[in-house]
Amino acid sequence: MFFFFAALVITITLILILERFAKPATKRPFSYNISVLSAMPTLVFYTTIFMISYRPLFSALATLVVFTGIIVVNNAKVAILREPLVFTDFALLRQAIRYPALYIKYVGVGKVVAVVTAGLAAIFSAVSLEKAVIVRNDFDDYFPLIIYLAVVCGMIFAITRGPFRRTFADTLRRFGPTANVTQDRDKLPLVVCLIFYFFLANEPEHKQQPARRRLERRVALRRRPVLDMPRGDVVVVQSESFFDARRLHESIPRDLLTTFDACAAESSYQGRLSVPAWGANTMRTEFAFLSGLPSEALGYHQFNPYLTLCQSPVWTVAHLFRSMGYRTICLHPFHGSFFDRKTVIPNLGFDLLLDLADFADAPTFGPYVSDTAVADRIVSLLEADHPRPLFIFAITMENHGKWEKGRLDDQPADPAIGEAPLGSPDLGLYLRHLRNTDALVERLWRYLKSRPQDGTFCLFGDHLPPLAKVFDAVAQTDPRTDYFIWRKNAGQRRALDTSADILGRLVLDAALSSLRAEAAPPEQEA
């Protein structure tokens, strides 16, 4: 048993030291980490591996490899997205394997390969060279392992789904977690913070059921149309990584977003948009726009509302349009399984989801379906005979990172942008895609203006692009994107900085303004 405890103490000490390298740097002293709470994840993981292998050195190395990997991924996320690792990121592990271009490239293929290779080599060496302290010869020798796993699994069930669920959650809350991950990381070690968030995000069923019943009644009451009069089509485009990049530097071409400027000048509302994400996590802004709920209202669900919250119906602006007789369509030219949109989108009030399978023959610009193809598909939906007005919500994909060398080698160069504006080839590629977003605006805006019918057109950016080096070089710290809401023959035109959770109400205000003698904008907090 000496080797068991010696390896355990060394492992806990090394992990406490590794914790000091986790980003963002915390203000708490090293001695603050020396507690049962800090040591508990290491103790449980190490003991589990030891009970399986009976090899203390192997257990120590396996524990160190796993915890080191967590810190490496966390630091990469902080550097790119300015946010520490959260528990919902582990739910994306399967997606990272299926779509490595969206995840692993940001961490760094070299770092991933180095950690995995070093870990496998160390574990292989330990297993090969270290003899088990207890040799199993008969089936009876596995009883301690079976009993241990049964106890651990039983405890996990009891505190996640069983009778101690609420008591355990209340105990965790006594440590003061706030659902503000940056603030909590200054109080709690990284892995402890991940575990806290995981358990606290699983709200007891008795709390969820009344809310679900109220939601179901609300949906049932509003299914039939409430307005019996002609209404115009509504098109909303959530543009991937869109913002007015001309703010970065005067050397960026002023004509980059010419049509965007013209459309915004004629819009009912236009301005800067506060979004709940930086560099990634499209679904956060997506959900904020559709639901009208700010991040702070979601608690621990704010990091990925699609993971559990939206596995059942959630009332959204799409439900409201459908209750007014609209046919609601969501377009996203990527895999429908990504973020489980095939399940989530119908729960958010959409009659139809058009995903990558529906864009099989669409042209690409770089690795993803082009913005022009998305605009053409929207126009084809509007041109088709449809007895009901349409609410179309499109989530573009063309300008998704990573913007790496060779991405647009098959496309003609753009001399006005150049290869490396501000010394960044990545920014040059991003700006070329941004010009295509302007072409999307032109295609849809010109079409909607040319129709005799009324129509509303909104475009907004989901988050800033993950170009951390560029932003740092020009001291860009403002996380806001840009938006406009244009309506044909609109009377009022207003510059208004707002947030993604308010934007849906502004779209409704613009789309339905023809029904009122005088349109009044919703309340907007300063």
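**Q** Break down the overall build of the protein for me, citing the residues and quoting the values.
**A** For the protein, the helix and strand inventory stands at 19 helices and 11 strands. Burial analysis of the protein (526 residues in total) assigns 52% to the buried set. Here the contacts in the protein between residues at least 6 apart in sequence split such that 75% fall between residues at least 24 apart. For the protein, the accessible area works out to roughly 24,800 Å², and carbon and sulfur atoms hold 61% of it.

**Q** Quick rundown of the packing of aromatic side chains? Include the residues and the values.
**A** Where two aromatic rings form a pair, the distance of their centres and the angle of their planes describe that pair. Counted by the stated rule, this structure contains 29 aromatic pairs. Where F87 meets F198, the ring centres are 6.4 Å apart and the plane angle is 75°; that geometry is what we call edge-to-face. In this pair, F87 sits in the loop between α3 (56-81) and α4 (93-98) while F198 sits in helix α10 (residues 190-201), placing the two residues 111 residues apart along the sequence. Look at F198 and you get partly exposed, because its relative accessible area is 40%.

**Q** Run through the pattern of salt bridges, naming residues and quoting values.
**A** Evaluation of the coordinates by the stated rule reveals 23 salt bridges. Its salt-bridge partner being R82, residue D472 comes within 3.3 Å of it at the nearest N-O pair. Here D472, found in helix α18 (residues 468-473), pairs with R82, found in the loop between α3 and α4; they are 390 residues apart in sequence, far enough to count as distant. A relative accessible area of 55% places D472 in the exposed class. Notably, a salt bridge pairs R284 with E83, separated by 2.8 Å at the nearest N-O pair. Of this pair, R284 sits in helix α13 (residues 282-291) while E83 is found in the loop between α3 and α4, placing the two residues 201 residues apart along the sequence. Residues R284 and E83 agree in their burial class; the two are buried. Here the residues in one salt-bridge network are R247, R272, D478, R480, D482 and D497, joined through shared partners.

**Q** Hey, could you go over the packing of helix α1 (residues 2-19) against helix α2 (residues 36-53) for me, with residue numbers and the actual values?
**A** Orientation of α1 relative to α2, taken along the N-to-C sense of each, is 135°, at an axis distance of 10 Å. Regarding the angle of α1 to α2, the classification is oblique. Note on packing geometry: the crossing formed by α1 with α2 is right-handed. The residues of α2 that touch α1, namely those facing F3, F4, A7, L8, T11, I12, I15 and L16, are S38, A39, T42, L43, Y46, T47 and F50.

**Q** Residue-level account of the nonpolar core, with values.
**A** Judged by nonpolar contacts, the single largest core of 53 residues is most densely connected at F391 and F393. Residue contributions to this core peak at 8 residues, all from helix α19 (residues 500-511). Residues in contact with F391, not counting those within four places in the same chain, are V234, V236, V317, A318, F321, Y326, R327, T328, I329 and F350.

**Q** Tell me about unusual backbone geometry, and name the residues and values.
**A** For the bond running from K23 to P24, omega is -10°, close enough to zero to count as cis. When you line up the elements, P24 lands in the loop between α1 and α2. In this structure, the amide linkage connecting G401 to the following residue, K402, adopts the cis form with an omega of 15°. Among the secondary structure elements, K402 is positioned in the loop between β7 (390-395) and α17 (425-450). In the Ramachandran plot, F339 falls in the positive-phi region, its phi being about 60° despite a non-glycine side chain.

**Q** With reference to specific residues and values, describe the confidence of the model for the protein.
**A** Averaged over all residues, the pLDDT of the protein is 87; the fraction at 70 or higher stands at 89%. Low pLDDT, under 50, characterises residues 205-212; the stretch is placed with 9 contacts to residues that sit more than four places away or in other chains.

**Q** Can you explain α10? Please cite residues and give values.
**A** Taking 1.5 Å of rise per residue, the 12 residues of α10 would be expected to cover 16 Å, and the 17 Å separating its terminal C-alpha atoms lies within 8% of that figure. For α10, the buried fraction is high: 10 of the 12 residues fall into the buried class. Turning to α10, its buried residues are L190, V191, V192, C193, L194, F196, Y197, F199, L200 and A201. On its buried side, α10 packs onto α1, α2, α3, α7 (143-160), α8 (165-173) and α9 (181-185).

**Q** How would you summarise the packing of helix α12 (residues 258-265) against α17 if you had to cite specific residues and measurements?
**A** Running from N to C, α12 and α17 cross one another at 45°; their axes reach a closest spacing of 7 Å. Between α12 and α17, the angle is such that the two are oblique. Between α12 and α17, the contacting residues are T258, T259, F260, A262 and C263 on the first element and D438, V441, E442 and W445 on the second. Looking at side-chain class alone, the contact of α12 with α17 contains 5 nonpolar, 2 polar and 2 charged residues.

**Q** Requested: an account of a nonpolar patch on the surface, with residues and values cited.
**A** Where nonpolar side chains cluster on the molecular surface, the patch consists of F139, Y142, F143, I146, I147, V151 and M155 and spans about 720 Å² of accessible area. Along the chain, the position of F139 falls in the loop between α6 (109-129) and α7. The class of F139 is exposed, set by a relative accessible area of 57%.

**Q** Can you break down the pairing of strand β1 (residues 233-239) residue by residue, with the values?
**A** By the criterion of burial, β1 is predominantly enclosed, with 7 of the 7 residues buried. Judged from the 7 bridges that link them, β1 and strand β8 (residues 455-461) form a sheet pairing that is parallel. By the bridge assignment for β8, V235 is matched with F457. Bridge count for β1 against β7 is 5 bridges, and the pairing is parallel. Bridge pairing in β7 places V236 opposite F393.

**Q** So what's going on with the pairing of β7? Which residues, and what values?
**A** Burial of β7 is extensive: 6 of the 6 residues sit out of reach of the surface. Where burial is concerned, the two faces of β7 agree: the one with L390, I392 and A394 and the one with F391, F393 and I395 are both buried. One ladder, built from 5 bridges, connects strand β3 (residues 327-331) with β7; its direction is parallel. Opposite I329, over in β7, you have I392 as the bridge partner.

**Q** Any chance you could break down the side chain of T282 for me, citing the residues and the numbers?
**A** Looking at the element boundaries, T282 is found in helix α13. In contact with T282, other than residues within four places in its own chain, are Q238, E240, R341, I395, D462 and H463.

Calculation criteria
- Residues numbered from 1 in each chain as written.
- Predicted model: local features only at pLDDT ≥ 70, side-chain atom pairs only at ≥ 80, totals over all residues.
- Heavy atoms only, no water.
- Helix = DSSP H or I, 4+ residues; strand = E, 2+ residues; numbered from the N terminus.
- Buried < 20%, exposed > 50% of the residue type's maximum accessible area, 1.4 Å probe, protein only.
- Contact = heavy atoms within 4.5 Å.
- Areas by Shrake-Rupley, 256 points an atom, 1.4 Å probe, with all protein chains shown as cover.
- Phe/Tyr/Trp six-rings, centres within 6.5 Å; stacked < 30°, edge-to-face > 60°.
- Salt bridge = Lys/Arg side-chain N within 4 Å of Asp/Glu carboxyl O.
- Axes fitted to C-alpha atoms, helices over the stretch in contact; angles between N-to-C directions.
- Parallel < 35°, antiparallel > 145°, perpendicular 65-115°, else oblique.
- Left-handed = near helix turned anticlockwise from the far one by under 90°.
- Core = buried A, V, L, I, M, F, W, Y, C linked by side-chain atoms within 4.5 Å.
- pLDDT = per-residue confidence, 0-100.
- Expected span 1.5 Å × (residues − 1).
- Nonpolar A, V, L, I, M, F, W, Y, C, P; charged D, E, K, R; others polar.
- Patch = residues over 30% accessible without salt bridge, like charges linked within 9 Å, V, L, I, M, F, W, Y side chains within 5 Å.
- Pairing = 2+ DSSP bridges.

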